[in-house]
Amino acid sequence: GPVIDPYYGSKNDIVDDINAALAEPARAGLTVSGEWNADSTKVTATAEIEGLIDGNYLIDFVLIADSLQGTTTKWRQANYYDQSYSSQTGVTLASLPDDLKFLWTAGSTFYPVFNDVAIALVKQKSIGKVTAGKVVTSSSTLTMPTSSELKAAINRAGKHNVAVVALLVDNSTKTIVNAAKFYMPRYVPVESGIEE
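Below is a short write-up of the structure. If you're wondering where the values come from, they're calculated on a predicted model, not measured in any experiment.

All of the buried residues along helix H3 (residues 148-157) are Ala153, Ile154 and Ala157. Each buried residue of H3 lies within a common arc of 95° when the element is viewed along its axis, so the set occupies one face. Structural note: H3 exposes Ser148 and Arg156 on the side pointing more than 90 degrees away from its buried face. Contacts made by the buried residues of H3 are with strand E6 (117-130) and strand E8 (162-170). Looking at the residues trailing H3, positive phi occurs at Gly158, about 100°.

What follows is the structure, given as C-alpha cells:
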C-alpha cells in the first residue's frame, strides 16, 4: 500500500488506516506456525493459505522479536520531545498525545525497549496460483541472528518473544493481502543420556 506516517497514518491516526484495512474482506485465509531446530538457531516456518477467491501469491516469512533493549550507542535514541528541547521545538507536555508524554522526562537520549524488530527474512517465495476452496502449504527455514549483541538482546528478552510472521503478497500488485503471526514456544533444550 501507500507509504504513510507510522503514527498519524494517512490523516490523523494510524488506527484509522488499520481499521480501514481490517474492514476489507480477505482474499485468502492465512495461518502460520513455527518450530525450533535442535539448538534453537533456526526456525522452520509453515504457512497454510486457503483460497477464498482465485489469486497468484508470493509469501514472505519474517522472524521478529519483542522486548529487545541494549546499552551501546547502537540502541540509543535521540528524543526531541524531551523537555530540554522545548524552547527549540515548541513542544510542551500538554501538546504531546497521552501515549508520548513519557518522552517529556525520558532524557534527550534514552535506551527504549523495541518491539516488532525484524531479525530474519525469507522474501517473496512464490506459491503460485491459489484457487478458491483449496489449501496450499508453504515452508521456509529462517536463521536466527549471529551478531553477538543482537543474540544477547534476544536471550535477555527470552525466545518466547520471538515470533514468525507470514505476509501473503499479491504477485501482480505486490501488496500484502493478509498476514499472520505466531509466537514461538519457549525453547527447551533436548536432554540426552537420561535413564530411568
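Let us keep going from here.
This part takes up the sheet that holds strand E3 (residues 55-65). Sheet architecture is open: four strands sit in the order E6-E3-E8-E9, paired in antiparallel fashion. Of all strands in the sheet, those bounded by a partner on one side alone are E6 and strand E9 (176-183). Within the sheet, the average angular offset between the axes of one strand and its neighbour, ignoring direction, is 15°. Note that E3 and E6 share 10 bridges and pair antiparallel. Across the sheet, the residue bridging to Phe61 is Val122, located in E6.

Positionally, Leu68 belongs in the loop between E3 and strand E4 (77-78). Between the C-alpha atom of Leu68 and that of Asn155, which follows or precedes it by 87 residues, the distance is 9.1 Å. Residue contacts for Leu68: discarding those within four places in its chain leaves Trp75, Pro112, Val113, Phe114, Val117, Leu150, Ala153, Ile154 and Ala157.

What follows is about the side chain of Asp82. With respect to the secondary-structure elements, Asp82 resides in the loop between E4 and helix H2 (86-89). Buried charged residue Asp82 carries no salt bridge. Nearest counter-charge: Arg76, at 13 Å. At a separation of 3.0 Å, a polar atom in the side chain of Asp82 contacts the main-chain amide nitrogen of Gly107. Apart from residues no more than four positions distant in its own chain, Asp82 is found in contact with Leu103, Trp104, Thr105, Ala106, Gly107 and Ser108.

Before going further, it helps to examine the pattern of salt bridges. One pass over the full model with this rule turns up four salt bridges. The salt bridge involving Lys74 is made with Glu149; its shortest N-O contact spans 3.6 Å. In this pair, Lys74 is assigned in the loop between E3 and E4 and Glu149 in helix H3, connecting sequence segments 75 residues apart. A salt bridge links Lys181 to Asp116, with the shortest nitrogen-to-oxygen separation between them at 3.3 Å. Remark: Asp116 occurs in the loop between strand E5 (109-110) and E6 and Lys181 occurs in strand E9; sequence separation between them is 65 residues.

Formed by 31 residues in total, the largest nonpolar core has its most connected members in Ile49, Phe61 and Leu63. With five residues, E3 is the single largest residue contributor to this core. Among the nonpolar cores identified, the runner-up in size contains six residues, and Leu96, Leu103, Trp104 and Phe110 belong to it.

Right, let's talk about the sheet that holds strand E7 (residues 135-143) for a bit. Pairing is antiparallel across the open sheet formed by three strands, whose spatial order is E1-E2-E7. Two strands bound the open sheet, and with one partner strand each, they are strand E1 (28-36) and E7. On average, adjacent strands in this sheet sit at an angle of 20° to one another, irrespective of strand direction. In the sheet, strand E2 (residues 42-51) pairs with E7 via nine bridges, with the strands oriented antiparallel.

Approximately 780 Å³ is the volume attributed to the largest pocket. Along its surface, the largest pocket is lined by 19 residues, and Asp17, Ala21, Leu22, Glu24 and Ile176 are the ones closest to its centre. At the level of secondary structure, the elements contributing two or more residues to the lining of the largest pocket comprise helix H1 (14-23) and E9. Take the lining of the largest pocket: its biggest share by element is six residues, from H1. Split by residue class, the lining of the largest pocket holds 12 nonpolar, four polar and three charged.

Rules of the game
- Residues numbered from 1 in each chain as written.
- Predicted model: local features only at pLDDT ≥ 70, side-chain atom pairs only at ≥ 80, totals over all residues.
- Heavy atoms only, no water.
- Buried < 20%, exposed > 50% of the residue type's maximum accessible area, 1.4 Å probe, protein only.
- Helix = DSSP H or I, 4+ residues; strand = E, 2+ residues; numbered from the N terminus.
- Arc of directions from axis to C-beta.
- Contact = heavy atoms within 4.5 Å.
- Pairing = 2+ DSSP bridges.
- Axes fitted to C-alpha atoms, helices over the stretch in contact; angles between N-to-C directions.
- Lys, Arg positive; Asp, Glu negative; His and termini not counted.
- Salt bridge = Lys/Arg side-chain N within 4 Å of Asp/Glu carboxyl O.
- Polar contact = N/O pair within 3.5 Å; in protein donor to acceptor, adjacent residues only side chain to side chain.
- Core = buried A, V, L, I, M, F, W, Y, C linked by side-chain atoms within 4.5 Å.
- 1 Å grid on protein atoms, 1.4 Å probe; cavity = no way out; pocket = protein on both sides within 12 Å on 5 of 7 lines; lining within 4 Å.
- Points joined across faces, edges and corners; volume = space filled by probe spheres on them.
- Nonpolar A, V, L, I, M, F, W, Y, C, P; charged D, E, K, R; others polar.

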